[in-house]
Amino acid sequence: MNRVAVLGAGLTRFVRRALETGRELCWEAATAALQDADLTLADIDCVVLGSAPDAFDGVHMKGEYLLDGAGAKGKPYMRIFVGGGTGVFMVPVGWWHVASGAFRTCLVVAEEKMSSTQPHPQAAFNAIYDPFTERPLGVNLLWIFSLEMHRYMKTYGIPLETIAQVAVKNKRNAKDHPASQVAGDFTVDEIVNSEVMTYPVTRLMVSPVTDGAAALVLANEEFARRKGGKHVWVEGVGWNLDTSYWTNRDLAYPQYVENAARMAYKMAGITDPRKEIHVAEPYDPFAYKELHHLEGLLLADKGQAPRRLEEGFWDRDTLTGIPASPSGGLLGVGNPIAAAGLMKAIEIYYQLSGKAGARQIRRSAQRGLAQAWGDLMQVGTVMIMGVER
Amino acid sequence: MSTMNTELRGTSLREDDLRTGRALATEWIPKTVYRFDAGIAIGQFLAGLKAGRLLGRKCHACGRIVIPPRMFCELCFRRNDEWVELKSTGRVNTFSVSFVNTDASRRQTPQVPAVIDIDGTQPSMGILHVLGEVGDTLEAVLRNVQIGTPVEAVWKPAEQREGAITDILYFRPMGGR
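Residues numbered from 1 in each chain as written. Chains lettered and ligands numbered in written order. Predicted model: local features only at pLDDT ≥ 70, side-chain atom pairs only at ≥ 80, totals over all residues.

Caption draft 1: Structural context of the overall build of chain A. Helix and strand counts for chain A stand at 15 helices and eleven strands. For 389 residues, the compact-globule estimate of 2.2 N^0.38 gives 21 Å, and chain A sits close to it at 19 Å. A principal-axis box enclosing the C-alpha atoms of chain A has dimensions of 55 × 45 × 35 Å. When each of the 389 residues of chain A is scored for burial, the buried share is 64%. Within chain A, contacts between residues at least 6 apart in sequence are counted, and of these 77% link residues at least 24 apart. (Helix = DSSP H or I, 4+ residues; strand = E, 2+ residues; numbered from the N terminus. Rg over C-alpha atoms; globule rule 2.2 N^0.38 Å. Buried ≥ 20, exposed ≤ 12 C-beta atoms within 10 Å, placed from the backbone. Contact = placed C-beta atoms within 7 Å.)

Given below as C-alpha cells:
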C-alpha cells in the first residue's frame, strides 16, 4: 500500500444559519484546503464527499447536488455517508483512494447545511427509528442518547456534574477556534442547570444545529516528497458497525468503537495507545459521548474516563495526559455533522504540524487520533495521523 | 503557512435577515407519503400484540431468544427456528424523562421512554417503550422508577387493539403504583 500524506486543510465558519448554499460552503472549504496545500484543482486526481441525510438539505442525491462546489466536475467522485460517523470516515475513504495506488491525490470534502429543515432538523432525524416498533411511540432523536447516557452513568456511578465538565472544557477550548459557534466560559452549575431536554441531557450538554464545511487534501508519498517539506501522514484507519437492533446492545460500552480503534491501532503499529497516542479528538455531540468514546478507544479503562477528566488528564494544557478535543469539539465549535467530524480530523493535522495557533497543545505530540460515531448509535470511525519520523 | 487561516469564510444569517428580506429564501413542503410493509417477523409480532401476546424468536444454534423478532439470526447467520411467547414483564434497562415532543417543541408533562429488558429473553434483550403511572414531574419520575425496576405491560382493551406497538399503552412498575 502507498503511504498517504496530508498536504492541506480548509474550513468555513460554523454558524447556525449560513447565507451560503451547500455548494458555496463546499467551494469555500475546498479552495481553502487547496490554498493551504499550495495546489490547484488540476493537481487533484479524485474527489470524495461526505454529507449526512439528504433530508436536511431537502435535496435528493445530495452528493450530485454538491459536486461542482466540491471540485469534482469531470473527476472520479463518490459520496459516502455513515451518519454522524461520516466526517472522520472521510479520511479512511480518501486514504483508500490513494493508498490503493489508483490516484496520486484526493480532495476530501465534508458539508452540512442543517438549517434548511424547518423549524428544526428533528423531523428528519426521527426517520432513523423503526416505523413499526419505535416511531408510533412518539420518538424524538434525543431519546436514544439520553437512554444511553443514563445507562452509562448508572453502570459506573458517574455524577451528572462530572459529565458537565466535558461541556465546560470543550466550550472553553473552542474560544480559540476561528470557526466556533457556541464557545464560551461556562460553569458546571450552568451546564447542569440549563433546561432539561430529556433527562439526564440538558440543553448545554447537546451540540448545536450548524451549517459549515471542511476539506482536506491527501497525496501519495511520491507526490508529497516532490512538494517537499515535512508532512503529517495517515498511519491508521478503522471502522466498524454494531447491530441495528440498538435496544439489544450493551448501552454502557461502545464495543464498535473499540473494534474500529483496534483496526486502526493495528495498521499504525500501535500496541499501547495510552502511550503512543498524544492527542485525541473523540466525538462529542453530547457531553457524555466524549467519555464513552475515550473508553471505547482504550485510552481509559471502562468507567474511568470521568475520573481522568476530574484529574485534568484530558485538558488541552496537560503535560502528562492526553489532550482531548483541543479544538473545542462539537460542543464548542459546532456540529455541521459530516463537516464537524472532518474538523476534528483536521485538528489532529493542525496539532501535529504545529499549526494550531492558540490551541496548540503544550505536550509534544507525534501521533494523534480522531474518532466519530453515528448511524443508529452503531458506527465507530477512527483515523490516526503521525508526524514524519 | 505557519498557522491555520484565522480569517475563515462563511456568512452568518439571523432570523431578522430573512424576515426583513435582506437575505432571500424560499420554502418547499414535500408531500411524500410512505406505506411500509411490516414484513414477516414484525407482521407476526404485531398480530401477536393484537392478540395480547408478546412474541420473540428463538435460534436453536446459539439459543438466543430475540425481541424485536427477526426471521434470521444475525450472529449464526441462519434462519432461526421458532416463535416463543414471552411474558409482558421485564426490567428497566434505562429510561429518560423527555420534555421534548417529536417535533422538537417543548412539552409540560414529560414522556418517559425506556429500554425494557423483557423477561425470558436469552441473553437479556430490550425493546423501546414508554413508562406510565410514574408521575408527571421530573422529581416524581425519578422517585418512582429506577434503572432495574421490574415493570409490567398495561394493554389496551382487546377490542381497541389494532396490531401496533401502541397496543401496549405503557409499562408500569410491577403491581401498580
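Caption draft 2: Highlighting the sheet that holds strand S7 (residues 97-100) of chain B. If you walk across this open sheet you meet the four strands as S6(A)-S5(A)-S7(B)-S8(B), and the pairing is antiparallel. Strands with a single pairing partner mark the edges of an open sheet, and in this sheet they are strand S6 (201-202) of chain A together with strand S8 (106-111) of chain B. Inspection of the sheet shows S7 of chain B paired to S8 of chain B by two bridges, in the antiparallel sense. Residue pairing in the sheet places serine 98 of chain B in a bridge with glutamine 111 of chain B of S8 of chain B. Along the sheet, helix H6 (residues 141-156) of chain A contacts strand S5 (196-199) and S6 of chain A together with S7 of chain B; its crossing angle with S5 of chain A, the most-contacted strand, is approximately 60 degrees. (Pairing = 2+ DSSP bridges. Axes fitted to C-alpha atoms, helices over the stretch in contact; angles between N-to-C directions.)

Caption draft 3: Geometry of helix H1 (residues 22-37) of chain A. Residue and element names in this part refer to chain A. With 16 residues, H1 extends 23 Å from end C-alpha to end C-alpha; this agrees with the ideal 22 Å at 1.5 Å per step. For H1, the buried fraction is high: twelve of the 16 residues fall into the buried class. Lining the buried residues of H1 we find strand S1 (4-11), helix H2 (54-57), helix H3 (62-66), strand S4 (105-113) and strand S7 (211-220). Count one or two residues on from H1 and you reach aspartate 38, which has phi positive near 60 degrees. (Expected span 1.5 Å × (residues − 1).)

Caption draft 4: How the structure looks around the environment of isoleucine 65 of chain B. All names here are of chain B. Mapped onto the secondary structure, isoleucine 65 falls in strand S2 (residues 65-66). The buried category is assigned to isoleucine 65, around which 20 C-beta atoms lie within 10 Å. On a C-alpha basis, the gap between isoleucine 65 and glycine 48 in space is 16 Å, while along the polypeptide they are 17 residues apart.

Caption draft 5: Representation of the packing of helix H4 (residues 86-99) of chain A against helix H15 (residues 337-352) of chain A in the model. Residues and elements named next belong to chain A. One can describe the packing of H4 onto H15 by two numbers: an axis separation of 5 Å at closest approach and a directional angle of 60 degrees. In terms of axis orientation, H4 runs oblique to H15. Between H4, through Thr86, Gly87, Val88, Met90 and Val91, and H15, the contact on the second element is made entirely by Ile337, Ala338, Ala339, Ala340, Gly341, Leu342, Lys344 and Ala345. Looking at the contact of H4 with H15, its residues break down into nine nonpolar, three polar and one charged. (Parallel < 35°, antiparallel > 145°, perpendicular 65-115°, else oblique. Nonpolar A, V, L, I, M, F, W, Y, C, P; charged D, E, K, R; others polar.)

Caption draft 6: How the structure looks around unusual backbone geometry. Residue glutamine 118 of chain A is joined to proline 119 of chain A through a cis peptide bond whose omega torsion reads -5 degrees. Mapping proline 119 of chain A onto the fold places it in the loop between S4 and helix H5 (122-125). That bond from tyrosine 199 of chain A to proline 200 of chain A is cis: its omega, 5 degrees, falls within 30 degrees of zero. Its location among the elements puts proline 200 of chain A in the loop between S5 and S6. Its identity is not glycine, yet methionine 61 of chain A carries a phi of approximately 55 degrees, on the positive side. As for its placement among the helices and strands, methionine 61 of chain A is situated in the loop between H2 and H3. Exposure remark for methionine 61 of chain A: the 10 C-beta atoms within 10 Å place this residue in the exposed category. Backbone geometry at alanine 104 of chain B places phi at a positive 80 degrees, although glycine is not the residue there. We classify alanine 104 of chain B as partly exposed; it has 18 C-beta atoms within 10 Å.

Caption draft 7: Summary view of the confidence of the model for chain B. Mean pLDDT over chain B works out to 93, with 95% of the residues at or above the 70 mark. Across the interfaces of the predicted complex, the ipTM metric reaches 0.94, alongside a pTM of 0.96. (pLDDT = per-residue confidence, 0-100.)

Caption draft 8: Geometry of the sheet that holds strand S8 (residues 232-241) of chain A. All names here are of chain A. Here we have nine strands laid out as an open sheet, ordered S3-S2-S4-S7-S1-S8-S11-S10-S9, and mixed in their pairing. Because the sheet does not close on itself, it has two edges, and the strands there are strand S3 (77-80) and strand S9 (279-281). Averaged over neighbouring strand pairs, the angle between their axes works out to 25 degrees when direction is ignored. Two strands pair when backbone bridges link them, and strand S2 (residues 46-50) and S3 are joined in this way by four bridges, in the parallel orientation. Within the sheet, the bridge partner assigned to leucine 49 lies in S3 and is arginine 79. Those strands touched by H4 are S1, S2, S3, S4, S7, S8, strand S10 (367-374) and strand S11 (379-387), and its axis lies near 160 degrees from that of S4.

Caption draft 9: Structural context of the interface of chain B and chain A. Residue-level contacts link 47 residues of chain B with 48 residues of chain A. No other element matches strand S10 (residues 126-130) of chain B, which puts five residues into the side of chain B that touches chain A. Within the side of chain B that touches chain A, the residues separate by chemical class into 27 nonpolar, 17 polar and three charged. Of the strand pairs in this sheet, S5 of chain A and S7 of chain B are connected by two bridges, and their pairing is antiparallel. Counted as the bridge partner of threonine 198 of chain A is serine 98 of chain B from S7 of chain B.

Caption draft 10: The arrangement of the packing of helix H7 (residues 160-173) of chain A against helix H12 (residues 287-296) of chain A in detail. Residue and element names in this part refer to chain A. Orientation of H7 relative to H12, taken along the N-to-C sense of each, is 100 degrees, at an axis distance of 7 Å. By the angle between their directions, the pair H7 and H12 is classed as roughly perpendicular. Residues Ile163, Ala164, Val166 and Ala167 of H7 form the contact with H12, whose participating residues are Ala287, Tyr288, Glu290 and Leu291. Looking at the contact of H7 with H12, its residues break down into seven nonpolar, no polar and one charged.

Caption draft 11: Up close: the nonpolar core. Residue and element names in this part refer to chain A. Of all hydrophobic cores here, the largest spans 172 residues; its most connected members are Ala29, Val109, Ala215, Leu216, Leu218 and Met383. In terms of residues, this core owes the most to one element, H15, which gives twelve residues. Excluding anything up to four places from it in sequence, alanine 29 contacts Gly10, Leu11, Thr12, Val109, Ala213, Ala214 and Ala215. (Core = buried A, V, L, I, M, F, W, Y, C linked by C-beta atoms within 7 Å.)

Caption draft 12: Just the pairing of S4 of chain A, in detail. All names here are of chain A. Counting buried positions along S4 yields nine of nine residues, so the element is predominantly enclosed. Taking every second residue as pointing to the same face, both faces of S4 are buried, with Thr105, Leu107, Val109, Glu111 and Lys113 on one and Cys106, Val108, Ala110 and Glu112 on the other. Sheet analysis places S4 next to S7, joined by nine bridges and oriented antiparallel. By the bridge assignment for S7, threonine 105 is matched with alanine 219.

Caption draft 13: Layout of the pairing of S2 of chain A. All names here are of chain A. Burial of S2 is extensive: five of the five residues sit out of reach of the surface. The side-chain alternation of S2 yields two buried faces, one formed by Cys46, Val48 and Gly50 and the other by Val47 and Leu49. Sheet topology places S2 next to S4; five bridges connect them, and they run parallel. Residue pairing across strands places cysteine 46 opposite cysteine 106, the latter belonging to S4.

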